[in-house]
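What the coordinates show
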Amino acid sequence: MSTRSSRRSFLRHAAAGFSTLAVSRLAQAQAAAEPQSRPLQVEHAVAAPVNVEVNARSIPNFEPRDRSRTRFGSLEYRSGLVLTSPYRGFGGLSGLRFLDGKGERFLAISDQGGWFTGAIRYAGREMTGLADVEAAPVLGADGRPITEKKLWYDTESLARDGNLVYVGLERVNQILRYDFAKGGTRARGEVISVPPALRKLPYNKGLEAMVVVPKGKDQNMPLAGTLIAFSERGLDANGNLVAFLIGGPTPGQFSVRRTETYDISDAVLLPSGELLILERKFSWFTGVNIRIRSIPLKSIVPGALVDGPALFAADLGHEIDNMEAIDAHVTAGGETVLTLISDDNFSMLQRTLLLQFTLAE
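Turning our eyes to something else, we now look at the sheet that holds strand E17 (residues 263-269). Strand order in the open sheet formed by 4 strands is E17-E18-E19-E21, with antiparallel pairing between adjacent strands. Among the strands making up the open sheet, the edge pair consists of E17 and strand E21 (310-314). Taking each pair of neighbouring strands and ignoring which way they run, the sheet shows an average axis angle of 15 degrees. In terms of strand pairing, strand E19 (residues 287-295) meets E21 through 4 bridges, oriented antiparallel.

See below:
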């Protein structure tokens, strides 16, 4: 790689990191100063269901500095896409869940109160693009877009339990439940009861990730039927990350050990029962960094402090951006594939990236 192109890549990624922080701070200032019932930042909200054109450009190498490298920690790079769209509401993607077992049909959510559905297309094991993409507003109990309610737009987390879909709103630290058997993305949301401590999470570092532990016959799933909700940077008295067990047999609160100033972005429960947490951090010196940690599900009980090893880490020398969502599926050949997507903050300096890796060990 030439010095010029290396410098260009550094500047582009550094600008992306700066934009991540700057946009977050701008959002806080706008929300605090905006007197109207409709926050200024909802300019990218989806107003009505609409078909969306999405263009895709391939990312052949995850580490441009070493194009022969495919293994990164416990992950093996499969393929990646840079996604763009002429639709101004496309972006800000903060949650992703597959609707099938093939890693094709997906449900995603924008942090501007919008659903996105569609399918990932493949050529062999590599992603080639998206098809049949539709955007729709996230609706409240009254059938109106939730963005019409002050601060009810920062839809940051997404969990799925069959036809039931849970959406976490960070600014107000509330959770909406949707029954997709009643209209899919046209379904109306129902506010569920959450622990008082969850409601008190930081205004812009609150509810960030959710997973549902499915019910079943597996005796190794003592949390079956529990919704696990993680804060981005809600800290306990010891500086660790606060999380909650909602419903299920043992509701309560626990903590995730915070190391190296990483915050939680999302989480996924693998079919094997392993819980993976996607984390990120920003520094003026290193820019954006991401990490995936494995947490033993059996270690999660009320009052616990849980921890686990890092399986993967990447920085701006790799093809990453503000990675905010993760999900998984198992291929017909038995491979566990992790899919990550980034939130571009609707910034010209950032990108919407869709990346896939095989969990190699």
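From this point, things continue past the structure.
Further remarks concern the pattern of salt bridges. As enumerated under the stated definition, the model contains 23 salt bridges in all. Ionic pairing is found between glutamate 260 and arginine 291, a salt bridge with its closest N-O pair at 3.8 Å. With glutamate 260 in the loop between strand E16 (252-256) and E17 and arginine 291 in strand E19, the pair connects residues that are 31 residues apart, well separated along the chain. With a closest N to O distance of 2.8 Å, arginine 291 and glutamate 279 form a salt bridge. Placement of arginine 291 in strand E19 and of glutamate 279 in strand E18 (residues 275-283) is noted, with a sequence separation of 12 residues between them. Neither arginine 291 nor glutamate 279 differs from the other in exposure class; each is buried. Overlapping salt bridges bring together Arg257, Glu260, Glu279, Arg291, Arg293 and Asp307 as one network.

What counts and what doesn't
- Residues numbered from 1 in each chain as written.
- Predicted model: local features only at pLDDT ≥ 70, side-chain atom pairs only at ≥ 80, totals over all residues.
- Heavy atoms only, no water.
- Pairing = 2+ DSSP bridges.
- Helix = DSSP H or I, 4+ residues; strand = E, 2+ residues; numbered from the N terminus.
- Axes fitted to C-alpha atoms, helices over the stretch in contact; angles between N-to-C directions.
- Salt bridge = Lys/Arg side-chain N within 4 Å of Asp/Glu carboxyl O.
- Buried < 20%, exposed > 50% of the residue type's maximum accessible area, 1.4 Å probe, protein only.

Note that every value here comes from positions in space, so none of it alone points to a role or purpose.
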